[in-house]
Every structure is written in C-alpha cells, then in structure tokens.
Amino acid sequence: MNNDKPENAVLVNQENWIEIGEQLSKLDQLLTSLNCLNDGVAVAINNQVVTKDKWSAQVLNNNDKISIFGAIAGG
Amino acid sequence: MSDLLTIAGHQFSSRLFTGTGKFCDKDTMMAALVASKSQLVTMALKRIDTKGQSDDILAPLLANNMKLLPNTSGAKTAEDAIFAARLTREALGTNWVKLEIHPDPKYLMPDAIETLKAAEVLCKEGFIVLPYIHADPVLAKRLEQVGCAAVMPLGAPIGSNKGLVSRDFLEIIIEQANVPVIVDAGIGAPSHAALAMEMGADAVLVNTAMAVSPDPVAMSKAFAMAVEAGRNAYIAGLGQVNDNAIATSPLTAFLD
C-alpha cells in the first residue's frame, strides 16, 4: 500500500487509497480524476465488472476495491 | 482463388495470426504486423498504472483494421479467466477471447480442466472462445462440444521457438476437428509455420519468433510467405512418402 487510508476512501488497483466525498462520489468522476476515462479501459468494483453505461451512475462506497484495467501488448 | 478462413462467421484472408507482445517498441510492432498481413492480433489486459503513462497500442491496431483477440493471460483458474474475459469484452468491445489458463510459470502449460470449465461458461455467455490448449485430441473435442469457435493447440511451450514438438497429436486434432485448428505457441521459424499449414492446420499464431528477431519486419514477411506456401501445398496435395526410390527420369535403354 502506498498511503494510509483516509476515513472515507476507495482502494484503487490494490495500491492507492483515494478519498471520496461530495466532489468525488461517482465512478466516472474517479476515472476522470485519474485520467483513465479512455477507450480500452475496463473497471471492476469488488471484482464485479461495471459496464461503461453504468459508470456515471455508479456510487463509490467507503472501502470499495476499484480495479482499472487497460489493454497492453501480449501474445 | 479465394481461400478464406471462417471463424464464427468472420472471414480472414490471412491465415497468420499474430501476437503483439515482446516487440522492442510500438512502431516496430506495427510495422511487423502490417508486414505479416495478419488480420487477427492478440492483446492482454493489465491493471493500469494510474500514475504512469501507458503506451497506446490499441489505436494503431484498429486504424489498420486488425481484429482484436484479447487473451486471459495471468488467469490461473477458470474463475480468473471468466473475470478476465468479461473485462476484455468491456475494455475492447469484442466478445472474442483467447482463453488461456496457465498456472505454472516455468512451462506455461495450459490447465486442461480449468480451461474446459471456463470455456463452458464463456460459450454460454455468448463469447467466441478460442482456447489455448495442449495438443490433446480428447480435450480439443470436448471444447468443440461445449461450443468453442476454434481450438489453439500448442506446438511447443510458449516462447520456446522449438517448433512442432507435438506434431503427431496435432495431426490427430486436425483430422478430427470440426472447428478451425490454429497452431499456437512454439512456432520459432517460418519452416515450422509452413509445416503446420502443410499438415492441414487452418491457421497459426506467431509472436515471439517475429518479435525477438533482429529484423522483426523481414521475419514477419518471411512468416507470411511460409504460411501461404504451406497452405497452398496443403490444398495442392503433397506426394506420398515412400521407403524406396521411385525414379523421376526414365531408366530405359540409355546404357544398354
């Protein structure tokens, strides 16, 4: 873990606690703040895939584990 | 002559599929893939480093009209692979998936039991599943029966460049299959690819041999030619193998 957990926060990609609140309460806001609102990205919350059409409505909850995946080269 | 390969209703004029891994940089990768004339390329998925810049390889692949075949690399169980497939569908907007489950990091041997389990679930969910498997004819049939669109038996361990070590079993798979057979992994030289095609494989998937060559573009071209030559030879029909010599020139009367 790279930082201590704030009181109200989500864990991003198993390494960073990010504080959530009024300004940052939805998944699409989190992705925008992380510069991840791109093509080729998939997101899971607590190991459940959240489809793109639900990103703007998806509420972030304290202790959610957010996994953000992107396409890379591979065989 | 039109000799198209059809997988799940999608037609390919090139029977050389390629991976995108291990190239020294993005530009070399793209130049090599274009030289290979490949129309289906594999990709992987990884947790994004939210602090670093990622190298976008998706845009140039799509700009070159390449169909994406995301893999489930990193999956050690059926459950992992199903999760990975759902993620790749979401990330890349395709329901095609190269199902690969290899828990053992030394030889990267595909886990037959987990692969069959995952294939069954993913086929039911509407995925076009192309499973990476050992050259196991029984497993290939079982995967066909649960709805896989093709099978991808290995020639040799991934990245080993050893060629068709599994040749005799590949022949059985090819003989028995009702879905396309794509020989994947271990193909280290154009001659290996040509041999697979001469044997009647429907396609081959090559990555390491191109990517690690000192000249990936030239090597990709060589693979494209080899796959085409092997396919043409298969269609033409190879001559019978004989134990004795059978003269090519007339042996009559010249020295009598």
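Residues numbered from 1 in each chain as written. Chains lettered and ligands numbered in written order. Predicted model: local features only at pLDDT ≥ 70, side-chain atom pairs only at ≥ 80, totals over all residues.

### Details of the overall build of chain A
Reasoning step 1: Across its full length, chain A carries 1 helix and 5 strands.
Reasoning step 2: Order of helices (α) and strands (β) in chain A, N terminus to C terminus: β-β-α-β-β-β.
Reasoning step 3: Computed over C-alpha atoms, the radius of gyration of chain A comes to 12 Å, within 12% of the 11 Å expected from 2.2 N^0.38 for 75 residues, which places it in the range of a compact globule.
Reasoning step 4: Seen along its three principal axes, the alpha-carbon backbone of chain A occupies a region of about 40 × 30 × 20 Å.
Reasoning step 5: Looking at the 75 residues of chain A, the share that counts as buried comes to 29%.
Reasoning step 6: Considering only residue pairs separated by 6 or more positions, chain A has 48% of its internal contacts joining residues 24 or more positions apart. (Helix = DSSP H or I, 4+ residues; strand = E, 2+ residues; numbered from the N terminus. Rg over C-alpha atoms; globule rule 2.2 N^0.38 Å. Buried ≥ 20, exposed ≤ 12 C-beta atoms within 10 Å, placed from the backbone. Contact = placed C-beta atoms within 7 Å.)

### Let's talk about the sheet that holds strand β6 (residues 96-99) of chain B
All names here are of chain B.
Reasoning step 1: On the basis of which strands lie adjacent, the open sheet formed by 3 strands has the order β6-β7-β8 and parallel pairing. Of all the strands in the sheet, just β6 and β8 (152-153) have a single pairing partner and so form its edges.
Reasoning step 2: Pairing of strand β7 (residues 128-133) with β8, which is carried by 2 bridges, proceeds in the parallel orientation. In the strand pairing of β8, Ile133 is matched with Pro153. (Pairing = 2+ DSSP bridges.)

### So, helix α5 (residues 137-145) of chain B
Three- or four-residue spacings in an α-helix give side chains the same orientation, since the helix completes a turn every 3.6 residues.
Residues and elements named next belong to chain B.
Reasoning step 1: Turning to α5, its buried residues are Leu139, Ala140 and Leu143. Looking straight down α5, one finds that the buried residues subtend no more than 105 degrees of arc, so they occupy a single side.
Reasoning step 2: Those residues of α5 that are buried lie in contact with α4 (112-124), β7, β8 and α6 (167-176).
Reasoning step 3: Just downstream of α5, Gly147 is the residue with a positive phi angle, here 110 degrees. (Arc of directions from axis to C-beta.)

### Some thoughts on the interface of chain A and chain B
Reasoning step 1: Listed by partner, the interface residues are 23 residues for chain A and 27 residues for chain B.
Reasoning step 2: Mapped onto the side of chain A that touches chain B, the elements with two or more residues apiece are β3 (41-45) and β5 (65-73) of chain A.
Reasoning step 3: If you tally residues by element for the side of chain A that touches chain B, the top one is β5(A), at 7 residues.

### Remarks on the pairing of strand β2 (residues 16-19) of chain A
All names here are of chain A.
Reasoning step 1: Of the pairings in the sheet, the one linking strand β1 (residues 9-12) to β2 comprises 4 bridges and is antiparallel in character. Residue pairing for β2: Leu11 is matched across the bridge by Trp17.
Reasoning step 2: Hairpin connection, β1 to β2: the antiparallel pair is bridged by 3 residues, and Asn13 has positive phi, about 45 degrees.

### Observations regarding the pairing of β3(A)
Looking along a regular strand, one sees the side chains alternate between the two faces of the sheet.
Residue and element names in this part refer to chain A.
Reasoning step 1: Taken together, the 5 bridges between β3 and β5 define a ladder with antiparallel strand orientation. Directly across from Val43, in β5, lies its bridge partner Ile68.
Reasoning step 2: When β3 meets strand β4 (residues 48-50), the two strands line up antiparallel, connected through 3 bridges. The residue of β4 that forms the bridge with Ala44 is Val49.
Reasoning step 3: From the end of β3 to the start of β4, which pair antiparallel, there are 2 residues, and Asn46 there has a positive phi angle of about 50 degrees.

### Things to note about the environment of B:Ala84
Residue and element names in this part refer to chain B.
Reasoning step 1: Relative to the helices and strands, Ala84 is located in helix α3 (residues 78-92).
Reasoning step 2: In this structure, the C-alpha to C-alpha distance between Ala84 and Lys46, residues 38 residues apart in sequence, is 9.5 Å.
Reasoning step 3: Apart from the residues within four sequence positions on either side, Ala84 is in contact with Leu45, Thr72, Gly74 and Ala75.

### Some remarks on the nonpolar core
Residue and element names in this part refer to chain B.
Reasoning step 1: By size, the foremost hydrophobic cluster in this structure holds 97 residues, and its most contacted members are Leu99, Val151, Ile182, Ala193, Val204 and Phe223.
Reasoning step 2: For this core, the element with the highest residue contribution is α3, accounting for 8 residues.
Reasoning step 3: Residue contacts for Val204: discarding those within four places in its chain leaves Leu16, Phe17, Ile182, Val183, Ile187, Ala193, Ala196, Met197 and Val227. (Core = buried A, V, L, I, M, F, W, Y, C linked by C-beta atoms within 7 Å.)

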